Amino acid sequence: MAIRYWLGVVQHDHVLRGVAGGFAQVNHGARAPLELMGAADGFVFYSPRESYPDGEPLKQFTAVGRLADADVYQATQGMQPGAGQRRNASADFVAWRRRVDWDHDAVATPIRPLLSSLDFTRDKPDWGYQLRAGLIELTRHDFELIREQMRPSSAREREGELRHRAQHASAGFGARLR
């Protein structure tokens, strides 16, 4: 079966749990979207916010990896109550997940600079609407571009370019004041 590429839309705090646990979970733990995926498929998380429901806007790609195997499995979310612990409302929630080999060196990357380059956003002023589905299939081009931008060396180059622009902008501003 051919390798496919996916983008899951999840708030950043949930992405961090998934990366730490080596899994991906989408659409509130639904099984059906995960069954579309195959072993070795590429996977990217996009986080519109830091946390749900009222977290600060983020709008970044926050994790990238490859599906580790073909298994879809269930896991209880949250902590199970034990002696002296209060019952966690999510302890009864059983979600479907996929194992992912995450790139732990990846650096969160803003989507804005990539809007004109990505197939799923280029020439689409309402590109965000499709993300409401929680999971979309990406082209190989989009996956590779996002993965490249999330590499630490790419992030350092972007930071250097931004510093360079800021220095030139402030130098030009100072020259105009004289």
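What you are looking at is a predicted structure, and each value in this text was computed from that prediction instead of being measured.

1. Re the packing of aromatic side chains
Line of reasoning, step 1. Scanning the entire structure with this criterion turns up 6 aromatic pairs.
Line of reasoning, step 2. For the pair Phe 43 and Trp 102, a centre-to-centre distance of 6.0 Å together with 75° between the ring planes defines the contact as edge-to-face. Residue Phe 43 is located in strand β3 (residues 42-49), and its partner Trp 102 is located in strand β5 (residues 94-102); the two are separated by 59 residues in the primary sequence. Residue Phe 43 shares its accessibility class with Trp 102, and that shared class is buried.

2. Some details on helix α1 (residues 12-21)
Line of reasoning, step 1. Along α1, the residues that are buried comprise His 12, Val 15, Gly 18 and Val 19. All buried residues of α1 project into a common sector of 115° when viewed along the axis, lining one side.
Line of reasoning, step 2. The secondary structure elements touched by the buried residues of α1 are β2 (23-24), β3, β4 (57-76) and β5.
Line of reasoning, step 3. Positive phi appears at Gly 22, one or two residues downstream of α1, with a value of about 70°.

Cut-offs and rules
- Residues numbered from 1 in each chain as written.
- Predicted model: local features only at pLDDT ≥ 70, side-chain atom pairs only at ≥ 80, totals over all residues.
- Heavy atoms only, no water.
- Phe/Tyr/Trp six-rings, centres within 6.5 Å; stacked < 30°, edge-to-face > 60°.
- Helix = DSSP H or I, 4+ residues; strand = E, 2+ residues; numbered from the N terminus.
- Buried < 20%, exposed > 50% of the residue type's maximum accessible area, 1.4 Å probe, protein only.
- Arc of directions from axis to C-beta.
- Contact = heavy atoms within 4.5 Å.

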